[in-house]
Amino acid sequence: MDGPTDAEKLPVTIVTGFLGAGKTTLVNHILKGDHGKLIAVIENEFGAVSIDDALVGENIKEQENIITMDNGCVCCTVRGDLVRALLTLKDKTKKFDHVIIETTGLADPAPVAFTFFINPEIADHYRIDSILCLADAKHIGLHLEEEKPDGAVNEAVQQVAFADRILLNKIDLVSDTELAAVMEQVRSINGVAEVIKTTNSVVDLDKVLGVSSFSIEKTLEVDPDFLEDEEGHAAATAAHDGAAADGGDHGHGHSHDGGKTECHEDHGHGHGHGEPAAKKPRKKRHDLTGVSSVGILAEGELDFNQVNTFMMTVLQENAKSIYRSKGVLCFKDQGNTKFVFQGVHEHINFGPSSVEWGADEPRVNRMVFIGRNLNRKELEEGFRACLVKD
Ligand SMILES: Nc1nc2c(ncn2[C@@H]2O[C@H](COP(=O)(O)OP(=O)(O)OP(=O)(O)O)[C@@H](O)[C@H]2O)c(=O)[nH]1
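As annotated in an unreviewed UniProt entry, the chain carries the name CobW C-terminal domain-containing protein and is attributed to Micromonas commoda. On record in UniProt, under Catalytic activity (unreviewed entry), the comment for the chain is "GTP + H2O = GDP + phosphate + H(+)".

Next up, the structure:
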């Protein structure tokens, strides 16, 4: 008997893009949009302390429509969680119209997409509508050019290469000349995806939802081994013998404290204008050596000026190595106002959240730093020193 047609399957948008590129901003833009769709969101965060669920949660009408997977990267350690999340959504009586998966800024999208082909239950119920990459026009060049250890994937390159739609975001932060240069850089990696220039991820929703722009043929041009698992079995075979049908953790983990972090995936980079990429040796690693996240939970009220000075100093002194910082904060003398801190390298956004602290909600500050060679002790002690003493 033939399986369900694509039209009968639930469309999924995989939102990818480097740390701080504007993924959550896009998800919020979509959730607030006038599309009449019931959307489920699967949020994945790299750090053990999650922030995005709070930021997206402000715009989602029912909390049960958001599933958070944190403390691991969806492309490796928590891939099993993704499978479970998708199977849970499938069995809900409520019928969703669309699913959005927001991956971590460090995820390689290939293994996330592979999940939709390896597991027969998921393949029968879902189809990838689009792999959408957010690219930060100001900072993406830095990450695309980053030298990786031999044989390791550059996740920023993977994210651009695998996308069928690219939002070149934050164009307000670059000059026309810089924009032309970054456009050329993006095009040199992916010459086929539609590129849409945006500010604050504002885009016509009909350009990003229900677009059916994902194509397995194009994906195979980027990575001829896409439909093979780590052992080189074709997806269908692997699904039958269950080798990776549970999402396969493959025994590699991300450590978030500066330890060695490897995801032994094999996904060739797509270089060139839609040209098939050269076949890469198997076992290309997703190597996040030295990249870690420092998550801080601190109960109490913070002193505004001290936080300001501390953050400015830390981010200016470590502008290249701290890729991302974000937090949900509580300040002294600010009543129930909850504050959101957003940093991308040295660029900071800071202001009140649209939701207040709830009456019974403990005033716990949540702060996360993600970057290379972070000094956990210094960050943690510096942040805690900003708490107001009784
Ligand atoms: N100037 C400027 N800032 C933007 C733009 N888009 C998003 N931002 C800001 O950039 C910061 C990061 O945006 P997010 O949407 O959280 O980025 P993200 O990709 O979800 O970040 P991670 O989940 O940490 O990888 C926030 O402070 C946004 O308000 C833009 O077009 N221009």
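Now that the structure is up, let's keep going.
Further remarks concern the pattern of salt bridges. Summed over all chains, the structure comprises eleven salt bridges. Of the charged contacts, one joins Lys170 and Asp136 as a salt bridge, the two residues approaching to 3.4 Å between their closest N and O atoms. Linking Lys170 in the loop between strand E6 (165–169) and helix H8 (176–189) with Asp136 in strand E5 (residues 126–136), this pair joins segments that are 34 residues apart in sequence. Classification of Lys170 by relative accessible area gives buried; the value is 15%. A salt bridge links Glu381 to Lys377; the nearest nitrogen and oxygen atoms lie 3.4 Å apart. Highlighted residues: Glu381 and Lys377, both in helix H12 (residues 376–384), separated by four residues, approximately one helical turn. For Glu381, a relative accessible area of 46% corresponds to the partly exposed category.

Glancing now at the site of the ligand. Near the ligand you find 21 residues, and of these Lys23, Thr25, Asn200, Arg324 and Lys326 are the closest. In the environment of the ligand, an oxygen atom lies 3.1 Å from a nitrogen or oxygen atom belonging to the backbone of Ala21. One of the side-chain N or O atoms of Arg324 is found 2.6 Å from an oxygen atom in the ligand. If the ligand stood free it would expose 660 Å²; the protein chains cover 90% of that surface. Put simply, the parts of the chain that give the shell around the ligand at least two residues each are helix H1 (23–32), strand E11 (322–329) and strand E12 (339–344). Tallying contributions element by element places H1 first for the shell around the ligand, with three residues. Of the residues belonging to the shell around the ligand, the class tally is five nonpolar, nine polar and seven charged.

Moving on to the layout of surface pockets. Its volume calculated, the second largest pocket comes out at about 200 Å³. Surrounding the second largest pocket, Asp6, Lys9, Phe116, Phe117, Ala123, Tyr126, Arg127, Ile128, Ser212, Phe214 and Ile216 form its lining. The biggest single contributor to the lining of the second largest pocket is E5, with three residues. Residue classes in the lining of the second largest pocket are distributed as seven nonpolar, one polar and three charged.

This prediction gives the chain a mean pLDDT of 80; 75% of its residues lie at or above 70. Averaged pLDDT values over the elements of the chain bottom out at 37 in strand E8 (residues 262–263) and peak at 98 in E6. Contacts for the low-pLDDT stretch residues 236–283, under 50 throughout, to residues beyond four places or in other chains number 142 contacts. Confidence metrics for the complex model read pTM 0.78 and ipTM 0.99.

Each value, and the rule that gives it
- Residues numbered from 1 in each chain as written.
- Predicted model: local features only at pLDDT ≥ 70, side-chain atom pairs only at ≥ 80, totals over all residues.
- Heavy atoms only, no water.
- UniProt positions renumbered as here; feature names shortened; annotations may be inferred.
- Salt bridge = Lys/Arg side-chain N within 4 Å of Asp/Glu carboxyl O.
- Helix = DSSP H or I, 4+ residues; strand = E, 2+ residues; numbered from the N terminus.
- Buried < 20%, exposed > 50% of the residue type's maximum accessible area, 1.4 Å probe, protein only.
- Near = heavy atom within 4 Å.
- Polar contact = N/O pair within 3.5 Å; in protein donor to acceptor, adjacent residues only side chain to side chain.
- Areas by Shrake-Rupley, 256 points an atom, 1.4 Å probe, with all protein chains shown as cover.
- Nonpolar A, V, L, I, M, F, W, Y, C, P; charged D, E, K, R; others polar.
- 1 Å grid on protein atoms, 1.4 Å probe; cavity = no way out; pocket = protein on both sides within 12 Å on 5 of 7 lines; lining within 4 Å.
- Points joined across faces, edges and corners; volume = space filled by probe spheres on them.
- pLDDT = per-residue confidence, 0-100.
- Contact = heavy atoms within 4.5 Å.

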